[in-house]
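# Structure assessment
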Amino acid sequence: MISDARWTVIRATKGFMPEAEGIALAEAAHAAALAVGGPLLEIGTYCGKSAIHLGCAAEATDTVLYTVDHHRGSEENQAGWDHHDTEVVDPATGRMDTLPFFRRAIEAAGLERSVVAVIGHSVPVARSWATPLGFLFIDGGHALDVAMADYEHWAGFVKPGGTLAIHDVFEHKEEGGQAPFEVWTRAVADGFAPIGTTGSLRTLRRA
Ligand code: SAH
Ligand code: MG
């Protein structure tokens, strides 16, 4: 589904999306869009790596991906943390700014008509959001309060039969942070049915 030219862009884009998981993510989004329509929405753009995968699915199904991020990085992306990259710090302000990297990636991938950036904090965006979603991907901040707030404010927009995807789900704390797993557990308790696992990516269908 993804052309060689786009793979080149994906591989050159900074981010946190293993290839097999990116492929599974796009396939799940594609299937959801065919089943219930779009649009698709991602929380956690960073530099656009997963947005290219999802943008391909949006383009192929004639819908769009909205990708929400304030582009200032999560707690775990800040200086002193494991996932910090000094290249994404704006020298003028000393703060992270991944938006220019995202803009370049989406341009290089030729997906400007299929990927719509929403620049802001997830919860305030959700408060005035109104559009039902065929596919929701939660990959924003991984602190428990942040990840759970994303779920609580956005999961209700998933259409019946639509798909919720959660990234970085690790069942055991030796493998990684537990917040996405707690969100997944909550989603199952709320009636979302697990449909797939690829690496740390889990997909669920809304009843
Ligand atoms: N999906 C990306 C990785 C996302 S990293 C990839 O494929 O590589 C997580 C992102 O979530 C960061 O860019 C951070 O700025 C963003 N983020 C964290 N908390 C957020 C919030 N409350 N609202 C919006 N964006 C947030
Ligand atoms: Mg992730």
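First, a word on scope: everything that follows refers to the structure included in this document. As the structure is a prediction and not an experimental result, all values here were calculated from the model.

Quick notes on the rules
- Residues numbered from 1 in each chain as written.
- Chains lettered and ligands numbered in written order.
- Predicted model: local features only at pLDDT ≥ 70, side-chain atom pairs only at ≥ 80, totals over all residues.
- Heavy atoms only, no water.
- Pairing = 2+ DSSP bridges.
- Helix = DSSP H or I, 4+ residues; strand = E, 2+ residues; numbered from the N terminus.
- Axes fitted to C-alpha atoms, helices over the stretch in contact; angles between N-to-C directions.
- Donors = N, O, S within 2.8 Å, 3.2 Å for Na, K, Ca; no water.
- Buried < 20%, exposed > 50% of the residue type's maximum accessible area, 1.4 Å probe, protein only.
- Salt bridge = Lys/Arg side-chain N within 4 Å of Asp/Glu carboxyl O.
- Core = buried A, V, L, I, M, F, W, Y, C linked by side-chain atoms within 4.5 Å.
- Contact = heavy atoms within 4.5 Å.
- Near = heavy atom within 4 Å.
- Polar contact = N/O pair within 3.5 Å; in protein donor to acceptor, adjacent residues only side chain to side chain.
- Areas by Shrake-Rupley, 256 points an atom, 1.4 Å probe, with all protein chains shown as cover.
- Nonpolar A, V, L, I, M, F, W, Y, C, P; charged D, E, K, R; others polar.
- Arc of directions from axis to C-beta.
- Expected span 1.5 Å × (residues − 1).

## A short note on the sheet that holds strand 3 (residues 115–119)
Read across the sheet, seven strands follow the order 3-2-1-4-5-7-6 without closing on themselves; strand pairing throughout is mixed. In this open sheet, the two edge strands, each paired with only one partner strand, are strand 3 and strand 6 (193–198). Put simply, the sheet's adjacent strands are angled 20° from each other on average, direction ignored. The pairing of strand 2 (residues 65–69) with strand 3 spans five bridges and is classified as parallel.

## Side note on the coordination of the magnesium ion (ligand 2)
Reference values for angles at a metal are 109.5 degrees in the four-donor tetrahedral case and 90 or 180 degrees in the six-donor octahedral case. Taken together, the protein ligands of the magnesium ion (ligand 2) are Asp139 (OD), His167 (ND1) and Asp168 (OD), with distances of 2.1 to 2.2 Å. Mapping the donors of the magnesium ion (ligand 2) onto the primary sequence yields the spacing D-x27-H-D. Residue Asp139 is found in the loop between strand 4 (133–138) and helix 6 (144–154), and its partner His167 is found in the loop between strand 5 (158–166) and helix 7 (179–189); the two are separated by 28 residues along the sequence. Note on His167: relative accessible area 1%, which makes it buried.

## Some thoughts on the pattern of salt bridges
This structure, assessed with the given rule, holds seven salt bridges. Arg6 serves as the salt-bridge partner of Glu59, at 2.8 Å between the closest nitrogen and oxygen. In this pair, Glu59 is assigned in helix 3 (residues 49–60) and Arg6 in helix 1 (residues 4–12), connecting sequence segments 53 residues apart. Asp85 is the partner of Lys14 in a salt bridge, and the nearest nitrogen-oxygen pair spans 2.7 Å.

## What about the nonpolar core?
In terms of nonpolar packing, the biggest core is built from 29 residues, with Leu25, Leu40, Ile52, Phe135 and Phe137 touching the most fellow members. Contributions of two or more residues to this core are made by helix 1, helix 2 (19–36), helix 3, helix 4 (99–109) and strand 4. Ignoring any residue separated from it by four or fewer positions in sequence, one finds Phe135 in contact with Leu25, Ala28, Ala29, Ala32, Pro39, Leu40, Leu41, Leu54, Thr163 and Ala165. Counting 27 residues, the second largest nonpolar core, distinct from the first, contains Trp154, Val158, Ala179 and Phe192.

## Points about the site of ligand 1
Around ligand 1, the surrounding shell holds 21 residues, and the nearest of these are Phe16, Gly44, Ser50, Asp69 and Asp139. Phe16 is positioned with one of its backbone polar atoms (N or O) 2.8 Å from an oxygen atom of ligand 1. Tyr46 is positioned such that a nitrogen or oxygen atom in its backbone is 3.5 Å from an oxygen atom of ligand 1. In the complex, 93% of the free accessible area of ligand 1, which totals 580 Å², lies under the protein chains. Within the shell around ligand 1, the residues separate by chemical class into three nonpolar, 13 polar and five charged.

## Some words on the environment of Pro100
Tracing the chain through its elements places Pro100 in helix 4. On the basis of relative accessibility, which here comes to 32%, the residue Pro100 falls in the partly exposed class. When the C-alpha atoms of Pro100 and Val88 are compared, they prove to be 9.0 Å apart, with 12 residues separating the residues in sequence.

## Quick notes on the side chain of Thr67
Residue position: Thr67 is located in strand 2. Residue classification places Thr67 among the buried positions, given a relative accessible area of 1%. Side chain to side chain, Thr67 and Thr45 meet in a polar contact 2.6 Å long.

## Some points on helix 4
By the burial criterion, the buried members of helix 4 are Phe102, Ala105, Ile106 and Ala109. Axial view of helix 4: buried residues confined to an arc of 95°, hence all on one face. For helix 4, the exposed residues set more than 90 degrees away from the buried face come down to Arg103, Arg104, Glu107 and Ala108. Elements in contact with the buried residues of helix 4: helix 1, helix 3, strand 2 and strand 3. Backbone geometry just after helix 4 places Gly110 at a positive phi near 70°.

## What about helix 2?
Between its first and last C-alpha, helix 2 extends 26 Å over 18 residues, near the 26 Å set by a 1.5 Å rise per residue. Those residues of helix 2 not exposed but buried are Glu21, Gly22, Ala24, Leu25, Ala26, Ala28, Ala29, Ala32 and Ala33. Contacts made by the buried residues of helix 2 are with strand 1 (40–43), helix 3, strand 4, strand 5, strand 6 and strand 7 (201–205). After helix 2 finishes, the residue Gly37 shows a positive phi value of roughly 85°.

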